[in-house]
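# Summary of the model geometry
Listed below, chain by chain, are the residues.
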Amino acid sequence: WKTNLTTPKAGGPYIIIVSNGSEIKTINNVLIGEVWLCSGQSNMEMPLKGFHGQPVIGGNDEIVSSSNNNIRLITVPRTTVLEPKEDFEGHWEVAGPQTTGGFSATAWYFGSLLQEVLQVPVGLIHVSYGGSNVEAWMNKEMLEDFDNTLPIPKTESDLKSNPNRVPTTLFNGMLSPVIGYGIKGAIWYQGESNYERPFEYKDLFKKMVESWRELWNQGAFPFYYAQIAPFDYARFHPQDNLEKYNSAYLREAQLQASKEISNSGMAVLMDVGEEISIHPMDKEKGGKRLAYLALAKTYGLEGFEYESPVFRSIEIIESTVIVSFDNIPNGITSFWKEVKGFEIAGENKVFYPAQAIVRTKSVILSTPKVAKPVAVRYLFKNYAKAELFSGGGLPISSFRTDNW
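We now turn to the structure provided with this report.

Enumeration according to the criterion identifies two cavities of 30 Å³ or more in this entry. Computed from the structure, the largest cavity encloses a volume of approximately 40 Å³. Contributing to the lining of the largest cavity are Met-266, Ala-267, Val-268, Arg-289, Tyr-306, Glu-307, Ser-308 and Leu-394. As a volume, the second largest cavity reaches approximately 30 Å³. As for the second largest cavity, its lining consists of Thr-106, Tyr-189, Leu-269, Val-272, Pro-280, Asp-282, Lys-283 and Gly-286. Across the lining of the second largest cavity, the residue classes tally to four nonpolar, two polar and two charged.

The following block contains the structure:
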């Protein structure tokens, strides 16, 4: 059963008493506070204790000190089904060493920072499945306008192979039971399983966010997400590596989506990628950067940086290119390291490494191999390490000025 209640002010523990006139049910130890939905694929799913043989840096220390009665956690179990479910087996747990180790590291770092700063209870609903693509988190209605998407399953036999990549299955089995629960907003970490189809991702993702909001019927609730980190995706295609498999195109789609989805924000993770592991060990940066977005854009806190610098424009002066950025309240920096990740091209569309001079708010590029530059790319590769940051240490996303 479901009911809507006007809640008291944040705090607790409270007691809820439910009565039909004769029988009474008492629900104890209830907190009122900020509830966030935490969804995506394996990098959201990766627990604070890490996967087998894949650690989370600092995870063990974080687990030891995680006791906090004002943080509550719940995980929806992995389920793939043909039709939407209304319920799931699970229960809220109080944060502590026995519960946080198996909980999403990204969600934990996000929620624990919110609780520390806001000083109110925080509830985290974890709904993720490793290896899932975005279509699995969408229902049939959301996918109607997309001709090139994967087929929607009709029978149980359609779920036998990679059910986490079959459209609608995770929406039906894992998200549907949660829809309608009162949430403040959502965080999302997914995209790795869509890297082979990057040019569809922006519109699919945008449609998913808009549709989730409609189903929750809470208005355009905040939606903050992590840009996928650099990784050598070419190792998945030793025989048939295509240009579009460069995950920079997927990161580009996510960057474009951040400009088109209302009340959203993207945490850039160019500085945490692992060349040989798709699961970055540093989950703290991602979780906290998502929290920065929420604290600033949802809760109105000020005085700190919360958005990465974003490419604004290029100015071409003879053989030199000046690259300018937005979101730079305290300038940009390479932390005094040489910047090697820029490339420039002329009309022949051949890119060459550029010499870069970092100024306070811009970068000056040149190379003797390109006399008349027309386009710029920055770290537009599967794997690359961040080189440029805001004054607050937030990395700049990979980007390109061409559409070649």
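Looking now at the packing of helix H4 (residues 105-118) against helix H8 (residues 284-298). Two numbers describe how H4 lies on H8: the axes approach to 7 Å, and their chain directions differ by 45°. On the basis of their axis angle, the class for H4 and H8 is oblique. Every pair of crossing elements has a handedness; the one defined by H4 and H8 is right-handed. When H4 is examined against H8, the residues Thr-106, Tyr-109, Phe-110, Leu-113, Leu-114, Val-117 and Leu-118 are found in contact with a partner set consisting of Glu-284, Gly-287, Lys-288, Leu-290, Ala-291, Tyr-292, Ala-294 and Leu-295. Across the contact of H4 with H8, the residue classes break down as 11 nonpolar, two polar and two charged.

Looking now at the pairing of strand E2 (residues 24-32). Both strand E1 (residues 11-19) and E2 contribute to a ladder of six bridges, which runs antiparallel. Each residue of the ladder has a partner; that of Ser-19, found in E2, is Ile-24. If you look at the hairpin formed by E1 and E2, you'll find four residues sitting between the two strands, and Gly-21 has a positive phi there, around 110°.

Right, let's talk about the side chain of Glu-34 for a bit. For Glu-34, the position within the fold is in strand E3 (residues 34-40). For the buried Glu-34, no salt bridge is present, and the opposite-charge side chain at shortest range is Lys-184, 4.0 Å distant. The residues contacting Glu-34, other than those within four sequence positions of it, are Leu-118, Val-120, Pro-121, Val-122, Gly-123, Lys-184 and Tyr-299.

Applying the stated criterion across every chain yields a total of 15 salt bridges. Between Asp-326 and Arg-312 there is a salt bridge, with the nearest N and O atoms lying 3.4 Å from each other. With Asp-326 in strand E11 (residues 320-326) and Arg-312 in strand E10 (residues 310-317), this pair connects stretches of sequence that are 14 residues apart. Judged by its relative accessible area of 48%, Arg-312 is partly exposed. We note a salt bridge from Arg-377 to Asp-402, for which the minimum N-O separation is 2.9 Å. Placement of the pair is Arg-377 in strand E17 (residues 375-378) and Asp-402 in the segment after strand E19 (399-400), with a sequence separation of 25 residues. Asp-402 matches Arg-377 in its accessibility class, with the two residues each being buried. Sharing partners across several salt bridges, the network here consists of Glu-252, Arg-377, Arg-400 and Asp-402.

Its volume calculated, the largest pocket comes out at about 2,000 Å³. Of all elements in the fold, only E1, E2, E3, strand E4 (68-75) and strand E6 (122-128) reach the threshold of two or more residues within the lining of the largest pocket. When the residues that make up the lining of the largest pocket are grouped by side-chain class, the tally is 25 nonpolar, 12 polar and seven charged.

Moving on: the packing of aromatic side chains. Evaluation of the coordinates by the stated rule reveals 31 aromatic pairs. Measuring from ring centre to ring centre gives 6.4 Å for Phe-304 and Tyr-306, while their planes differ by 70°; the resulting arrangement is edge-to-face. Looking at Tyr-306, the relative accessible area reads 31%, which means it is partly exposed. Members of the aromatic cluster, connected to one another through ring pairs, are Trp-137, Trp-188, Tyr-201, Phe-205, Trp-212, Trp-216, Phe-221, Phe-223 and Tyr-225. Lying across the ring of Phe-221, Arg-213 places its NZ or CZ 5.9 Å from the centre.

Basis of the calculations
- Residues numbered from 1 in each chain as written.
- Predicted model: local features only at pLDDT ≥ 70, side-chain atom pairs only at ≥ 80, totals over all residues.
- Heavy atoms only, no water.
- 1 Å grid on protein atoms, 1.4 Å probe; cavity = no way out; pocket = protein on both sides within 12 Å on 5 of 7 lines; lining within 4 Å.
- Points joined across faces, edges and corners; volume = space filled by probe spheres on them.
- Nonpolar A, V, L, I, M, F, W, Y, C, P; charged D, E, K, R; others polar.
- Axes fitted to C-alpha atoms, helices over the stretch in contact; angles between N-to-C directions.
- Helix = DSSP H or I, 4+ residues; strand = E, 2+ residues; numbered from the N terminus.
- Parallel < 35°, antiparallel > 145°, perpendicular 65-115°, else oblique.
- Left-handed = near helix turned anticlockwise from the far one by under 90°.
- Contact = heavy atoms within 4.5 Å.
- Pairing = 2+ DSSP bridges.
- Buried < 20%, exposed > 50% of the residue type's maximum accessible area, 1.4 Å probe, protein only.
- Lys, Arg positive; Asp, Glu negative; His and termini not counted.
- Salt bridge = Lys/Arg side-chain N within 4 Å of Asp/Glu carboxyl O.
- Phe/Tyr/Trp six-rings, centres within 6.5 Å; stacked < 30°, edge-to-face > 60°.
- Lys NZ or Arg CZ within 6 Å of the ring centre and 35° of its normal.

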